[in-house]
Amino acid sequence: MAKRIIHWFRRDFRIADNTALLAAVTAAGSDGEVIPVYIASDWKGSHEWTGPARQEFLCGCLASLAKNLEAIGGRLIIRKGDAVVELEKLTAETGATAIFANRDPDPFGRAVEAQLEKMASDKGIGLSLHKDVCIHERDEVRTGQDTVFRVFTPYSKVWFGLPKPTPLPAPKRISTPGGIASLPLPKLSDWGLTPGAATLEPGERAARERLKPFVAGPMVTYGEQRDIPSLAGTSHLSQDLRFGLISPRQIYAAAKRFEEGLPPEGRKSTMKFLAEIVWREFYMQLLWHYPELLEQEFNPTWRGMEWPGLPGYPDAAEPFQHWCEGRTGFPIIDAAMRQLAATGWMHNRARMITAMFLTKDLHLDWRLGEAFFMRSLVDGEIASNNGGWQWSAGTGADAAPYFRIQNPWSQTKRYDPEGIYIRKWVPELRNVSNASLLEAPADGRPIAPGYPAPMLDHSTERDRTLDLFARHKASLTSG
Ligand SMILES: Cc1cc2nc3c(=O)[nH]c(=O)nc-3n(C[C@H](O)[C@H](O)[C@H](O)COP(=O)(O)OP(=O)(O)OC[C@H]3O[C@@H](n4cnc5c(N)ncnc54)[C@H](O)[C@@H]3O)c2cc1C
(Lines give C-alpha, C1' and ligand atoms only; values in the text may rest on other atoms or scores of the structure.)
Protein backbone atom coordinates (compact mmCIF):
# COMPACT_ATOMS: atom_id res chain seq x y z
CA MET A 1 0.00 0.00 0.00
CA ALA A 2 1.15 3.54 -0.77
CA LYS A 3 2.39 5.53 2.18
CA ARG A 4 -0.52 7.53 3.65
CA ILE A 5 -0.24 10.69 5.70
CA ILE A 6 -3.00 12.76 7.25
CA HIS A 7 -2.82 16.55 7.09
CA TRP A 8 -5.09 18.00 9.77
CA PHE A 9 -6.31 21.48 8.73
CA ARG A 10 -6.93 23.68 11.77
CA ARG A 11 -6.51 27.40 11.05
CA ASP A 12 -4.38 27.12 7.91
CA PHE A 13 -6.93 27.00 5.09
CA ARG A 14 -4.56 27.53 2.19
CA ILE A 15 -2.40 25.49 -0.14
CA ALA A 16 0.47 27.93 -0.75
CA ASP A 17 3.11 28.40 1.95
CA ASN A 18 1.41 25.88 4.21
CA THR A 19 4.33 24.45 6.19
CA ALA A 20 2.79 21.21 7.46
CA LEU A 21 0.88 20.49 4.26
CA LEU A 22 4.00 20.73 2.12
CA ALA A 23 5.91 18.65 4.66
CA ALA A 24 3.15 15.99 4.56
CA VAL A 25 3.23 15.84 0.76
CA THR A 26 7.02 15.61 0.80
CA ALA A 27 7.02 12.91 3.49
CA ALA A 28 4.42 10.86 1.61
CA GLY A 29 6.72 10.85 -1.43
CA SER A 30 5.81 10.79 -5.08
CA ASP A 31 3.87 7.51 -4.78
CA GLY A 32 2.31 8.36 -1.44
CA GLU A 33 -1.13 9.67 -0.52
CA VAL A 34 -2.22 12.57 1.65
CA ILE A 35 -5.53 12.69 3.49
CA PRO A 36 -6.50 16.31 4.16
CA VAL A 37 -9.06 16.49 6.97
CA TYR A 38 -10.98 19.16 8.84
CA ILE A 39 -12.76 18.25 12.06
CA ALA A 40 -15.72 20.50 12.81
CA SER A 41 -16.66 21.22 16.41
CA ASP A 42 -20.03 19.88 17.49
CA TRP A 43 -21.39 22.52 19.92
CA LYS A 44 -24.89 23.76 19.25
CA GLY A 45 -26.79 27.00 19.85
CA SER A 46 -24.30 29.39 21.33
CA HIS A 47 -20.62 29.55 22.13
CA GLU A 48 -18.92 31.84 24.62
CA TRP A 49 -16.16 32.76 22.14
CA THR A 50 -17.50 32.52 18.61
CA GLY A 51 -20.62 33.47 16.71
CA PRO A 52 -22.38 33.47 13.31
CA ALA A 53 -20.05 35.88 11.49
CA ARG A 54 -16.89 33.91 12.19
CA GLN A 55 -18.53 30.49 11.70
CA GLU A 56 -20.02 31.58 8.38
CA PHE A 57 -16.66 32.83 7.18
CA LEU A 58 -15.14 29.52 8.31
CA CYS A 59 -17.71 27.61 6.19
CA GLY A 60 -16.77 29.71 3.16
CA CYS A 61 -13.06 29.10 3.77
CA LEU A 62 -13.63 25.34 3.91
CA ALA A 63 -15.68 25.34 0.70
CA SER A 64 -12.94 27.25 -1.05
CA LEU A 65 -10.21 25.02 0.38
CA ALA A 66 -12.08 21.90 -0.79
CA LYS A 67 -12.12 23.28 -4.35
CA ASN A 68 -8.47 24.26 -4.23
CA LEU A 69 -7.52 20.77 -3.07
CA GLU A 70 -9.60 19.18 -5.81
CA ALA A 71 -7.82 21.32 -8.38
CA ILE A 72 -4.56 19.56 -7.48
CA GLY A 73 -6.04 16.10 -7.21
CA GLY A 74 -6.88 15.97 -3.49
CA ARG A 75 -10.10 15.72 -1.51
CA LEU A 76 -10.98 17.42 1.76
CA ILE A 77 -12.45 14.96 4.27
CA ILE A 78 -14.83 16.45 6.84
CA ARG A 79 -15.38 14.87 10.22
CA LYS A 80 -17.10 16.20 13.31
CA GLY A 81 -16.53 15.92 17.06
CA ASP A 82 -13.50 15.60 19.29
CA ALA A 83 -10.41 16.17 17.14
CA VAL A 84 -8.20 13.58 18.84
CA VAL A 85 -10.86 10.86 18.77
CA GLU A 86 -11.63 11.57 15.11
CA LEU A 87 -7.98 11.60 14.11
CA GLU A 88 -7.44 8.28 15.84
CA LYS A 89 -10.43 6.79 13.99
CA LEU A 90 -9.32 8.19 10.64
CA THR A 91 -5.83 6.81 11.12
CA ALA A 92 -7.19 3.36 11.93
CA GLU A 93 -9.62 3.43 8.97
CA THR A 94 -7.08 4.51 6.40
CA GLY A 95 -3.88 2.91 7.61
CA ALA A 96 -2.18 6.31 7.69
CA THR A 97 1.18 6.17 9.42
CA ALA A 98 1.46 9.80 10.49
CA ILE A 99 -0.50 12.95 11.24
CA PHE A 100 0.88 16.33 10.16
CA ALA A 101 -0.50 19.66 11.38
CA ASN A 102 0.48 23.26 12.03
CA ARG A 103 0.71 24.30 15.68
CA ASP A 104 -1.97 26.53 17.14
CA PRO A 105 -0.38 28.88 19.66
CA ASP A 106 -3.37 29.54 21.91
CA PRO A 107 -3.93 27.58 25.14
CA PHE A 108 -6.92 25.66 23.76
CA GLY A 109 -5.02 24.58 20.65
CA ARG A 110 -2.05 23.59 22.77
CA ALA A 111 -4.22 21.48 25.06
CA VAL A 112 -5.50 19.49 22.06
CA GLU A 113 -1.94 19.05 20.82
CA ALA A 114 -0.91 17.60 24.18
CA GLN A 115 -3.74 15.03 23.95
CA LEU A 116 -2.86 14.29 20.35
CA GLU A 117 0.78 13.69 21.27
CA LYS A 118 -0.30 11.19 23.92
CA MET A 119 -2.71 9.39 21.58
CA ALA A 120 -0.10 9.23 18.79
CA SER A 121 2.55 7.90 21.12
CA ASP A 122 0.17 5.31 22.67
CA LYS A 123 -0.88 4.09 19.22
CA GLY A 124 2.51 4.28 17.56
CA ILE A 125 1.37 6.89 15.03
CA GLY A 126 3.85 9.45 13.77
CA LEU A 127 3.05 13.07 14.65
CA SER A 128 4.67 16.07 13.02
CA LEU A 129 3.66 19.52 14.30
CA HIS A 130 4.97 22.63 12.53
CA LYS A 131 5.45 26.33 13.04
CA ASP A 132 3.19 28.18 10.60
CA VAL A 133 0.92 30.74 12.28
CA CYS A 134 3.79 33.15 13.06
CA ILE A 135 7.02 34.20 11.44
CA HIS A 136 8.70 33.95 14.85
CA GLU A 137 6.96 31.97 17.55
CA ARG A 138 7.27 31.11 21.23
CA ASP A 139 10.92 31.37 22.20
CA GLU A 140 12.49 32.71 19.05
CA VAL A 141 12.46 36.33 20.14
CA ARG A 142 14.23 36.60 23.51
CA THR A 143 15.91 39.32 25.55
CA GLY A 144 19.71 39.48 25.91
CA GLN A 145 19.24 37.66 29.27
CA ASP A 146 17.33 34.91 27.46
CA THR A 147 14.01 35.82 29.05
CA VAL A 148 10.58 36.53 27.56
CA PHE A 149 9.93 40.08 26.36
CA ARG A 150 7.07 41.65 28.26
CA VAL A 151 7.30 45.00 26.43
CA PHE A 152 6.63 45.52 22.73
CA THR A 153 9.30 47.96 21.48
CA PRO A 154 12.43 45.96 22.37
CA TYR A 155 10.64 42.79 21.25
CA SER A 156 9.99 44.31 17.85
CA LYS A 157 13.63 45.40 17.45
CA VAL A 158 14.83 41.85 17.94
CA TRP A 159 11.97 40.52 15.75
CA PHE A 160 12.95 42.74 12.83
CA GLY A 161 16.63 41.78 13.23
CA LEU A 162 16.05 38.04 12.76
CA PRO A 163 16.37 36.41 9.31
CA LYS A 164 13.04 35.94 7.59
CA PRO A 165 11.89 32.71 5.92
CA THR A 166 10.86 32.76 2.27
CA PRO A 167 7.28 31.60 1.59
CA LEU A 168 7.02 27.98 0.45
CA PRO A 169 5.44 26.90 -2.83
CA ALA A 170 2.07 25.14 -3.02
CA PRO A 171 2.27 21.38 -3.58
CA LYS A 172 1.78 20.66 -7.28
CA ARG A 173 -0.26 17.54 -6.67
CA ILE A 174 -1.99 15.81 -3.80
CA SER A 175 -3.31 12.32 -4.17
CA THR A 176 -6.06 11.35 -1.72
CA PRO A 177 -7.24 7.73 -1.55
CA GLY A 178 -10.84 7.11 -2.60
CA GLY A 179 -13.55 5.57 -0.43
CA ILE A 180 -12.92 7.58 2.76
CA ALA A 181 -16.20 8.58 4.41
CA SER A 182 -16.73 12.32 4.70
CA LEU A 183 -19.52 14.50 6.03
CA PRO A 184 -20.76 17.33 3.78
CA LEU A 185 -19.03 20.69 4.15
CA PRO A 186 -20.25 22.36 7.37
CA LYS A 187 -22.93 25.04 7.22
CA LEU A 188 -24.01 27.65 9.70
CA SER A 189 -27.16 25.76 10.67
CA ASP A 190 -25.02 22.81 11.86
CA TRP A 191 -24.27 24.93 14.93
CA GLY A 192 -27.88 26.12 15.16
CA LEU A 193 -26.86 29.61 13.97
CA THR A 194 -28.44 31.97 11.47
CA PRO A 195 -26.52 34.48 9.33
CA GLY A 196 -25.72 37.80 10.94
CA ALA A 197 -23.08 40.07 9.47
CA ALA A 198 -22.20 40.55 5.81
CA THR A 199 -18.56 39.50 5.83
CA LEU A 200 -15.87 39.67 3.15
CA GLU A 201 -15.35 36.97 0.56
CA PRO A 202 -13.65 33.96 2.18
CA GLY A 203 -10.91 31.80 0.65
CA GLU A 204 -7.24 31.84 -0.26
CA ARG A 205 -7.69 33.62 -3.59
CA ALA A 206 -9.85 36.36 -2.07
CA ALA A 207 -7.20 36.97 0.62
CA ARG A 208 -4.44 37.23 -1.98
CA GLU A 209 -6.60 39.70 -3.87
CA ARG A 210 -6.91 41.84 -0.74
CA LEU A 211 -3.16 41.79 -0.15
CA LYS A 212 -2.12 42.78 -3.68
CA PRO A 213 -3.88 46.15 -3.98
CA PHE A 214 -3.13 46.98 -0.35
CA VAL A 215 0.66 46.79 -0.71
CA ALA A 216 0.52 48.75 -3.95
CA GLY A 217 -1.77 51.43 -2.49
CA PRO A 218 -2.79 52.08 1.12
CA MET A 219 0.41 50.55 2.53
CA VAL A 220 2.32 53.54 1.21
CA THR A 221 0.17 55.95 3.21
CA TYR A 222 -0.50 53.55 6.10
CA GLY A 223 1.35 55.78 8.57
CA GLU A 224 -1.00 58.71 8.00
CA GLN A 225 -4.26 56.94 7.25
CA ARG A 226 -4.38 53.90 9.49
CA ASP A 227 -6.19 55.76 12.27
CA ILE A 228 -9.01 57.20 10.16
CA PRO A 229 -11.92 54.77 10.40
CA SER A 230 -13.78 56.20 7.40
CA LEU A 231 -10.88 55.35 5.05
CA ALA A 232 -9.81 51.98 3.67
CA GLY A 233 -6.36 52.83 5.02
CA THR A 234 -5.54 49.44 6.58
CA SER A 235 -5.11 46.04 4.99
CA HIS A 236 -8.31 44.36 6.20
CA LEU A 237 -6.35 41.10 6.31
CA SER A 238 -7.06 40.18 9.93
CA GLN A 239 -9.68 37.51 9.15
CA ASP A 240 -7.33 36.10 6.51
CA LEU A 241 -4.53 35.77 9.03
CA ARG A 242 -6.96 34.37 11.58
CA PHE A 243 -7.99 31.54 9.23
CA GLY A 244 -4.63 31.15 7.55
CA LEU A 245 -5.93 32.15 4.12
CA ILE A 246 -2.67 33.97 3.86
CA SER A 247 0.49 33.55 5.93
CA PRO A 248 2.42 36.29 7.71
CA ARG A 249 5.44 35.22 5.63
CA GLN A 250 3.55 35.96 2.41
CA ILE A 251 2.52 39.37 3.76
CA TYR A 252 6.04 40.19 4.91
CA ALA A 253 7.54 39.12 1.58
CA ALA A 254 4.96 41.10 -0.45
CA ALA A 255 5.48 44.23 1.65
CA LYS A 256 9.27 43.99 1.38
CA ARG A 257 9.16 43.37 -2.37
CA PHE A 258 7.05 46.43 -2.89
CA GLU A 259 9.03 48.54 -0.44
CA GLU A 260 12.16 48.35 -2.56
CA GLY A 261 10.82 50.89 -5.05
CA LEU A 262 9.53 53.34 -2.45
CA PRO A 263 10.87 56.71 -1.29
CA PRO A 264 11.91 56.93 2.42
CA GLU A 265 8.45 58.18 3.49
CA GLY A 266 6.77 55.14 1.93
CA ARG A 267 9.32 52.84 3.58
CA LYS A 268 8.45 54.29 6.96
CA SER A 269 4.83 53.40 6.28
CA THR A 270 5.79 49.83 5.38
CA MET A 271 7.65 49.50 8.67
CA LYS A 272 4.62 50.84 10.52
CA PHE A 273 2.44 48.27 8.79
CA LEU A 274 4.83 45.40 9.45
CA ALA A 275 5.03 46.48 13.09
CA GLU A 276 1.35 45.52 13.34
CA ILE A 277 2.20 42.02 12.16
CA VAL A 278 4.77 42.05 14.96
CA TRP A 279 2.12 43.10 17.50
CA ARG A 280 0.16 40.01 16.52
CA GLU A 281 3.18 37.78 17.20
CA PHE A 282 4.06 39.68 20.36
CA TYR A 283 0.62 38.96 21.83
CA MET A 284 0.81 35.33 20.69
CA GLN A 285 4.14 34.76 22.42
CA LEU A 286 2.88 36.53 25.55
CA LEU A 287 -0.14 34.24 25.72
CA TRP A 288 2.09 31.27 25.02
CA HIS A 289 4.21 32.08 28.06
CA TYR A 290 1.41 33.50 30.23
CA PRO A 291 -1.78 31.54 29.47
CA GLU A 292 -3.22 32.93 32.71
CA LEU A 293 -3.72 36.22 30.78
CA LEU A 294 -7.09 34.84 29.72
CA GLU A 295 -8.18 34.78 33.35
CA GLN A 296 -6.43 37.68 34.96
CA GLU A 297 -4.79 41.06 34.50
CA PHE A 298 -1.26 40.97 33.09
CA ASN A 299 -0.16 43.68 35.51
CA PRO A 300 -0.45 42.15 39.01
CA THR A 301 -1.31 45.55 40.52
CA TRP A 302 -4.74 45.42 38.91
CA ARG A 303 -5.66 41.84 39.76
CA GLY A 304 -8.84 41.66 41.78
CA MET A 305 -9.92 45.17 40.68
CA GLU A 306 -13.53 46.00 41.10
CA TRP A 307 -15.53 46.87 37.96
CA PRO A 308 -18.70 48.16 39.59
CA GLY A 309 -20.64 49.21 36.47
CA LEU A 310 -22.33 52.52 35.76
CA PRO A 311 -24.10 54.14 38.72
CA GLY A 312 -27.79 54.80 38.26
CA TYR A 313 -28.55 51.54 36.48
CA PRO A 314 -30.16 49.05 38.88
CA ASP A 315 -29.91 46.44 36.15
CA ALA A 316 -26.15 46.20 35.54
CA ALA A 317 -26.76 44.40 32.24
CA GLU A 318 -28.53 47.41 30.74
CA PRO A 319 -25.53 49.68 30.05
CA PHE A 320 -23.69 46.69 28.56
CA GLN A 321 -26.65 46.08 26.29
CA HIS A 322 -26.62 49.74 25.14
CA TRP A 323 -22.95 49.37 24.30
CA CYS A 324 -23.40 46.06 22.45
CA GLU A 325 -26.25 47.45 20.36
CA GLY A 326 -24.67 50.83 19.60
CA ARG A 327 -27.22 52.87 21.57
CA THR A 328 -25.01 54.80 23.99
CA GLY A 329 -25.75 58.27 22.58
CA PHE A 330 -22.03 58.68 21.79
CA PRO A 331 -21.99 58.76 17.98
CA ILE A 332 -18.46 57.40 17.51
CA ILE A 333 -19.12 54.47 19.88
CA ASP A 334 -22.44 53.67 18.27
CA ALA A 335 -20.98 53.84 14.75
CA ALA A 336 -18.23 51.42 15.73
CA MET A 337 -20.53 48.93 17.43
CA ARG A 338 -22.90 49.00 14.47
CA GLN A 339 -20.03 48.49 12.03
CA LEU A 340 -19.17 45.40 14.08
CA ALA A 341 -22.74 44.09 14.02
CA ALA A 342 -23.12 44.73 10.28
CA THR A 343 -19.76 43.42 9.05
CA GLY A 344 -18.14 41.37 11.83
CA TRP A 345 -15.15 43.72 11.66
CA MET A 346 -14.28 46.99 13.36
CA HIS A 347 -11.54 49.49 12.60
CA ASN A 348 -8.62 49.34 15.06
CA ARG A 349 -9.01 52.93 16.27
CA ALA A 350 -12.68 52.24 16.90
CA ARG A 351 -11.81 49.04 18.80
CA MET A 352 -9.65 51.10 21.12
CA ILE A 353 -12.29 53.80 21.64
CA THR A 354 -15.12 51.33 22.30
CA ALA A 355 -12.99 49.19 24.60
CA MET A 356 -11.94 52.22 26.64
CA PHE A 357 -15.56 53.32 26.84
CA LEU A 358 -16.69 49.96 28.20
CA THR A 359 -13.99 49.85 30.85
CA LYS A 360 -13.43 53.52 31.71
CA ASP A 361 -16.87 55.08 31.15
CA LEU A 362 -19.18 52.16 31.91
CA HIS A 363 -16.76 50.66 34.50
CA LEU A 364 -17.49 47.17 33.21
CA ASP A 365 -15.07 44.28 33.40
CA TRP A 366 -12.88 44.05 30.27
CA ARG A 367 -13.60 40.30 30.13
CA LEU A 368 -17.22 41.08 29.18
CA GLY A 369 -16.06 43.12 26.20
CA GLU A 370 -13.37 40.59 25.31
CA ALA A 371 -15.97 37.80 25.07
CA PHE A 372 -18.44 39.99 23.16
CA PHE A 373 -15.75 40.84 20.60
CA MET A 374 -14.81 37.17 20.29
CA ARG A 375 -18.44 36.29 19.57
CA SER A 376 -18.84 39.14 17.06
CA LEU A 377 -15.54 39.49 15.19
CA VAL A 378 -14.77 37.52 12.04
CA ASP A 379 -11.09 37.96 12.90
CA GLY A 380 -11.57 37.02 16.58
CA GLU A 381 -8.04 36.04 17.60
CA ILE A 382 -7.66 35.05 21.23
CA ALA A 383 -4.20 36.56 21.78
CA SER A 384 -4.71 39.87 19.91
CA ASN A 385 -8.15 40.35 21.37
CA ASN A 386 -7.00 39.73 24.92
CA GLY A 387 -3.99 42.00 24.32
CA GLY A 388 -6.19 44.76 22.89
CA TRP A 389 -8.65 44.55 25.76
CA GLN A 390 -6.02 44.51 28.46
CA TRP A 391 -4.23 47.42 26.75
CA SER A 392 -7.45 49.42 26.70
CA ALA A 393 -8.42 48.54 30.26
CA GLY A 394 -4.96 49.69 31.37
CA THR A 395 -4.11 46.29 32.83
CA GLY A 396 -1.95 44.74 30.12
CA ALA A 397 1.55 44.60 28.65
CA ASP A 398 2.51 48.06 27.35
CA ALA A 399 -0.79 49.10 28.87
CA ALA A 400 -2.06 52.59 28.38
CA PRO A 401 -1.49 53.72 31.96
CA TYR A 402 -4.84 53.69 33.67
CA PHE A 403 -4.95 57.48 33.92
CA ARG A 404 -4.72 57.86 30.14
CA ILE A 405 -8.42 57.74 29.27
CA GLN A 406 -9.58 58.46 25.75
CA ASN A 407 -12.35 61.02 25.50
CA PRO A 408 -14.82 59.83 22.84
CA TRP A 409 -15.59 63.43 21.83
CA SER A 410 -11.93 64.37 21.32
CA GLN A 411 -11.32 61.10 19.51
CA THR A 412 -14.15 62.02 17.12
CA LYS A 413 -12.66 65.49 16.51
CA ARG A 414 -9.32 63.93 15.75
CA TYR A 415 -10.27 60.88 13.69
CA ASP A 416 -13.73 61.56 12.23
CA PRO A 417 -14.07 65.36 12.23
CA GLU A 418 -16.47 65.38 9.28
CA GLY A 419 -18.59 62.59 10.75
CA ILE A 420 -18.13 60.43 7.64
CA TYR A 421 -17.69 57.20 9.60
CA ILE A 422 -20.47 58.10 12.02
CA ARG A 423 -23.00 58.90 9.29
CA LYS A 424 -22.17 55.72 7.42
CA TRP A 425 -23.09 53.50 10.36
CA VAL A 426 -25.66 55.56 12.26
CA PRO A 427 -28.33 56.55 9.73
CA GLU A 428 -30.31 58.55 12.32
CA LEU A 429 -27.43 61.04 12.32
CA ARG A 430 -27.16 61.58 8.55
CA ASN A 431 -28.75 64.99 8.67
CA VAL A 432 -27.28 66.50 11.84
CA SER A 433 -24.54 69.14 11.74
CA ASN A 434 -20.87 68.14 12.11
CA ALA A 435 -20.62 70.25 15.26
CA SER A 436 -23.28 68.22 17.04
CA LEU A 437 -21.25 65.03 16.48
CA LEU A 438 -18.17 66.48 18.13
CA GLU A 439 -19.46 67.67 21.53
CA ALA A 440 -21.89 66.37 24.11
CA PRO A 441 -25.18 68.24 23.59
CA ALA A 442 -25.20 71.18 26.00
CA ASP A 443 -28.83 70.58 26.98
CA GLY A 444 -28.27 66.80 27.32
CA ARG A 445 -31.07 66.13 24.82
CA PRO A 446 -31.04 63.77 21.81
CA ILE A 447 -29.48 65.34 18.70
CA ALA A 448 -31.79 63.55 16.26
CA PRO A 449 -35.18 61.84 16.41
CA GLY A 450 -34.81 58.19 17.32
CA TYR A 451 -31.25 58.65 18.56
CA PRO A 452 -30.60 58.48 22.33
CA ALA A 453 -29.07 61.26 24.44
CA PRO A 454 -25.57 60.40 25.76
CA MET A 455 -26.02 57.83 28.52
CA LEU A 456 -23.37 59.42 30.74
CA ASP A 457 -21.15 62.41 31.25
CA HIS A 458 -17.63 61.49 30.16
CA SER A 459 -15.74 63.72 32.56
CA THR A 460 -17.75 62.50 35.59
CA GLU A 461 -17.06 58.87 34.68
CA ARG A 462 -13.43 59.63 33.92
CA ASP A 463 -13.01 60.95 37.48
CA ARG A 464 -14.78 57.91 38.84
CA THR A 465 -12.35 55.63 36.97
CA LEU A 466 -9.35 57.47 38.36
CA ASP A 467 -10.82 57.10 41.81
CA LEU A 468 -11.52 53.37 41.35
CA PHE A 469 -7.96 52.67 40.23
CA ALA A 470 -6.45 54.86 42.96
CA ARG A 471 -8.56 53.20 45.66
CA HIS A 472 -7.62 49.74 44.44
CA LYS A 473 -3.94 50.65 44.50
CA ALA A 474 -4.24 52.14 48.00
CA SER A 475 -6.02 48.98 49.22
CA LEU A 476 -2.95 46.95 48.25
CA THR A 477 -0.61 48.98 50.46
CA SER A 478 -3.05 49.33 53.37
CA GLY A 479 -4.12 45.65 53.19
C1 LIG B 1 -9.93 45.85 21.97
C2 LIG B 1 -9.22 45.26 20.77
C3 LIG B 1 -9.55 43.99 20.32
C4 LIG B 1 -8.90 43.45 19.21
N5 LIG B 1 -9.24 42.18 18.80
C6 LIG B 1 -8.60 41.63 17.74
C7 LIG B 1 -8.93 40.32 17.30
O8 LIG B 1 -9.77 39.63 17.88
N9 LIG B 1 -8.28 39.84 16.20
C10 LIG B 1 -7.33 40.56 15.54
O11 LIG B 1 -6.77 40.06 14.55
N12 LIG B 1 -6.99 41.78 15.97
C13 LIG B 1 -7.59 42.34 17.02
N14 LIG B 1 -7.26 43.61 17.41
C15 LIG B 1 -6.16 44.30 16.72
C16 LIG B 1 -6.58 45.17 15.54
O17 LIG B 1 -7.64 46.00 15.88
C18 LIG B 1 -6.96 44.37 14.29
O19 LIG B 1 -5.98 43.39 14.02
C20 LIG B 1 -7.07 45.27 13.07
O21 LIG B 1 -8.03 46.26 13.29
C22 LIG B 1 -7.41 44.45 11.86
O23 LIG B 1 -7.56 45.28 10.74
P24 LIG B 1 -6.52 45.22 9.54
O25 LIG B 1 -6.35 43.82 9.10
O26 LIG B 1 -6.95 46.22 8.54
O27 LIG B 1 -5.20 45.69 10.27
P28 LIG B 1 -3.84 46.35 9.72
O29 LIG B 1 -3.72 47.66 10.38
O30 LIG B 1 -3.79 46.31 8.25
O31 LIG B 1 -2.73 45.42 10.34
C32 LIG B 1 -2.25 44.24 9.67
C33 LIG B 1 -2.40 43.04 10.57
O34 LIG B 1 -1.63 43.21 11.74
C35 LIG B 1 -2.30 42.63 12.86
N36 LIG B 1 -2.62 43.70 13.82
C37 LIG B 1 -2.93 44.99 13.56
N38 LIG B 1 -3.10 45.69 14.70
C39 LIG B 1 -2.89 44.81 15.71
C40 LIG B 1 -2.92 44.93 17.12
N41 LIG B 1 -3.17 46.08 17.75
N42 LIG B 1 -2.71 43.82 17.86
C43 LIG B 1 -2.43 42.63 17.27
N44 LIG B 1 -2.38 42.47 15.93
C45 LIG B 1 -2.60 43.54 15.16
C46 LIG B 1 -3.59 42.02 12.32
O47 LIG B 1 -3.34 40.66 12.06
C48 LIG B 1 -3.82 42.81 11.05
O49 LIG B 1 -4.57 42.13 10.09
C50 LIG B 1 -7.90 44.19 18.54
C51 LIG B 1 -7.59 45.46 18.99
C52 LIG B 1 -8.24 46.00 20.09
C53 LIG B 1 -7.88 47.38 20.55
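Keep in mind that this is a model prediction, so the values were computed, not measured.

Reading guide: rules and limits
Residues numbered from 1 in each chain as written. Predicted model: local features only at pLDDT ≥ 70, side-chain atom pairs only at ≥ 80, totals over all residues. Heavy atoms only, no water. Near = heavy atom within 4 Å. Polar contact = N/O pair within 3.5 Å; in protein donor to acceptor, adjacent residues only side chain to side chain. Areas by Shrake-Rupley, 256 points an atom, 1.4 Å probe, with all protein chains shown as cover. Helix = DSSP H or I, 4+ residues; strand = E, 2+ residues; numbered from the N terminus. Pairing = 2+ DSSP bridges. Axes fitted to C-alpha atoms, helices over the stretch in contact; angles between N-to-C directions. Core = buried A, V, L, I, M, F, W, Y, C linked by side-chain atoms within 4.5 Å. Buried < 20%, exposed > 50% of the residue type's maximum accessible area, 1.4 Å probe, protein only. Contact = heavy atoms within 4.5 Å. 1 Å grid on protein atoms, 1.4 Å probe; cavity = no way out; pocket = protein on both sides within 12 Å on 5 of 7 lines; lining within 4 Å. Points joined across faces, edges and corners; volume = space filled by probe spheres on them. Domains from an automatic or database assignment. Nonpolar A, V, L, I, M, F, W, Y, C, P; charged D, E, K, R; others polar. Salt bridge = Lys/Arg side-chain N within 4 Å of Asp/Glu carboxyl O.

Asks: Explain the site of the ligand to me, using residue names and the numbers behind them.
Replies: Within the structure, the ligand sits among 28 residues, and Tyr222, Thr234, Ser235, His236 and Asn348 are positioned closest to it. Tyr222 has a polar side-chain atom sitting 2.5 Å from an oxygen atom of the ligand. Between Glu276 and the ligand, the recorded distance is 3.0 Å, taken from a side-chain N or O atom to a nitrogen atom. A total of 800 Å² of accessible area belongs to the ligand in isolation, and the protein chains cover 95% of it. Mapped by element, the contributors of at least two residues to the shell around the ligand are α8 (238-242), α10 (264-289), α13 (348-361) and α15 (382-393).

Asks: Now, about the sheet that holds strand β4 (residues 98-102): what can you tell me, with residues and values included?
Replies: Across the sheet, which stays open at both edges, the 5 strands sit in the order β3-β2-β1-β4-β5 with parallel pairing between neighbours. This sheet does not close on itself; its edge strands, each paired only once, are β3 (77-80) and β5 (126-130). The mean inter-strand angle of the sheet, taken between neighbouring strand axes irrespective of direction, is 25 degrees. In this sheet, β3 lies alongside strand β2 (residues 33-40) in parallel orientation, the contact comprising 4 bridges. Residue pairing across strands places Ile39 opposite Arg79, the latter belonging to β3.

Asks: Please set out the nonpolar core residue by residue, giving values where relevant.
Replies: In terms of nonpolar packing, the biggest core is built from 79 residues, with Phe13, Tyr38, Leu76, Ile251, Phe273 and Leu286 touching the most fellow members. Those residues in contact with Leu286, other than ones at most four positions away along the chain, are Phe149, Arg150, Leu293, Phe298 and Ala397. Core analysis: the next-biggest nonpolar cluster, separate from the first, contains 42 residues, Trp307, Leu364, Val432 and Ala448 among them.

Asks: Quick one: what's the story with empty space enclosed by the protein, residue by residue and with numbers?
Replies: All told, the structure shown has 5 cavities of 30 Å³ or more when counted by the stated rule. Taken together, Tyr283, Leu286, Leu287, Leu293, Phe298, Ala383, Asn386, Gly387, Gln390, Trp391, Gly396 and Ala397 form the lining of the largest cavity. Among the secondary structure elements, those contributing two or more residues to the lining of the largest cavity are α10 and α15. For the lining of the largest cavity, the element with the most residues is α15, which contributes 5 residues. Residue assignment places the lining of the largest cavity across two domains, with domain 2 (134-165 + 204-289) and domain 3 (300-474) each supplying three or more. Computed from the structure, the second largest cavity encloses a volume of approximately 60 Å³. Lining the second largest cavity we find Arg11, Asp12, Arg14, Asp132, Val133, Leu241, Gly244, Ile246, Ser247, Pro248 and Arg280. Taken together, the residues that form the lining of the second largest cavity break down as 4 nonpolar, 2 polar and 5 charged. Both domains that furnish three or more residues to the lining of the second largest cavity are identified here as domain 1 (4-133) and domain 2 (134-165 + 204-289).

Asks: Tell me what's going on with the pattern of salt bridges, and back it up with residues and numbers.
Replies: Between side chains of opposite charge, a pair can form as their charged atoms come close. Across all of its chains, the model carries 32 salt bridges by this definition. The partner of Arg11 in a salt bridge is Glu381, with the nearest N and O atoms 2.7 Å apart. Taken as a pair, Arg11 in the loop between β1 (4-9) and α1 (19-28) and Glu381 in the loop between α14 (366-376) and α15 lie far apart in primary sequence, 370 residues in all. Glu381 carries the same exposure label as Arg11, and that label is buried. Residue Glu140 pairs with Lys131 through a salt bridge whose shortest N-O separation is 3.0 Å. Note on Lys131: relative accessible area 26%, which makes it partly exposed.

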